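Observations on chain architecture
Spelled out from the first residue to the last, the chains are:
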Amino acid sequence: MDIKNFEFNALNLPSPIEEIFDECWNSKRIQVFVKRDDLIHPIISGNKWRKLKNYIQTFSLNDHSGILSFGGAYSNHLFALAFAGHALGIPTVGIVRGEELHVTSNSYLKQINEWGMKLHFVTRSLYREKVIPYEYENYLSIPEGGYGSQAIDGMNTLVNELPSCDAIYCAMGTGATAIGIARATNVPVTGIQTLNNQAEIENHLSDFPAANLTIDENFIFGKYAKSNADLDKFCRNFYEKHQIAIEPIYTGRMFYALINHIKNGHIAPESKLVAIHTGGIK
Ligand SMILES: *Cc1c(COP(=O)(O)O)cnc(C)c1O
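This section reports on the structure supplied with the text. (Residues numbered from 1 in each chain as written. Predicted model: local features only at pLDDT ≥ 70, side-chain atom pairs only at ≥ 80, totals over all residues. Heavy atoms only, no water.)

**Structural notes on the sheet that holds strand 9 (residues 213–216)**
Strand pairing in a sheet relies on backbone hydrogen bonds, with the paired strands running either antiparallel or parallel. Put simply, the test is: Strand pairing is assigned whenever DSSP identifies at least 2 bridges connecting the two strands. Strands here mean DSSP runs of E at least two residues long; helices mean DSSP runs of H or I at least four residues long; both are numbered from the N terminus. Lines are fitted to the C-alpha atoms to define the axes, a helix being fitted only along its stretch in contact, and any angle between axes, read from their N-to-C directions, falls within 0 to 180 degrees. Two residues qualify as a contact provided that any one of their heavy atoms is within 4.5 Å of a heavy atom in the partner residue.
Sheet architecture is open: six strands sit in the order 1-2-10-7-8-9, paired in mixed fashion. Each edge of the open sheet is held by one strand with a lone partner, namely strand 1 (17–20) and strand 9. For this sheet, the mean angle separating the axes of adjacent strands, direction not counted, is 25°. Sheet topology note: the strand 8 (residues 189–193)/strand 9 ladder contains four bridges and is parallel. Looking at strand 9, one finds that G191 is bridged to I215. Taken strand by strand, helix 9 (residues 176–183) contacts strand 7 (167–172), strand 8, strand 9 and strand 10 (272–276), and its axis lies near 155° from that of strand 7. Contacts from helix 10 (residues 198–207) reach strand 7, strand 8 and strand 9, with the element oriented near 175° to strand 9.

**Brief notes about the pattern of salt bridges**
Filter applied, for reference: Here, a salt bridge means any Lys or Arg side-chain nitrogen found within 4 Å of an Asp or Glu carboxyl oxygen. Only protein chains enter the accessibility calculation, which uses a 1.4 Å probe; a residue whose area is less than 20% of its type maximum is buried, one above 50% is exposed, and one in between is partly exposed.
Tallied over the full model, the rule gives twelve salt bridges. A salt bridge links R29 to E270; its shortest N-O distance comes to 2.9 Å. In this pair, R29 sits in the loop between helix 2 (23–26) and strand 2 (31–35) while E270 sits in the loop between helix 12 (251–263) and strand 10, placing the two residues 241 residues apart along the sequence. Both residues of the pair, R29 and E270, count as exposed. One salt bridge connects R50 with D37, and the closest N-O pair in it is separated by 2.7 Å. Taken together, the positions of R50 in helix 3 (residues 47–61) and D37 in the loop between strand 2 and helix 3 put the pair 13 residues apart, joining distant regions of the chain. In this pair, the class of R50 matches that of D37, namely buried. Connected through shared salt-bridge partners, K35, D37, R50 and E161 make up one network.

Structure, rendered in structure tokens:
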């Protein structure tokens, strides 16, 4: 299946956008809209299709035998790539950090393996060096976590789907999504940092400058993937109030920060905000 058909038949694009209401911002006449990229697809959800699309296009136009990428044992990026490969008939390879792992170590890896992605479990040091096994030298290689110039460029279509607004909020992993959005618009973008990866993000920003991107690193809440009880509770309450599922790693932190910014007066009354729901719900 080609990409155009796949987008048209399998994906919910352009993704919906909806306004959410709460006394805490209604009282300041602030509007909050949620761009529901989480509804693009149940598996290739959120920013993952936007990040992958240009790579898959490059693959189709060139003489590669498949697509290879890198990730951890719970990588949403590898999960999305494995499914896309399965759906589009593209051979995929995942280089996974941790030689002690195998295809049945967790349900993500099991599923990825069932979709036909070839998994290679490598030591931390081989992983760090991003060694590509020689039999895959002809594969198109997507950097770790789906970060790269083509992922950044993939945000143009997202920005084209947005209404005019005063500020955009977005969760950051590698930063590709927030940087890509900021580079495609003049609207101020607030990136909520979720990992202790300041140096990585700074590197990415020196390659792809975005003067309208402000990073807030006050909502990391300790270690990656360790949801603290507060955040879990916040995500449950948010769902009860708005019927929009969020998770504590990315979108939970982003909304937590956004509400905090509204409460502490950081956002001017009568502003119109757009929060990007980058997905992550499985
Ligand atoms: C992968 C992911 C992110 C991080 O995106 P980057 O482009 O790496 O910053 C944010 N939110 C969700 C839900 C994700 O799965």
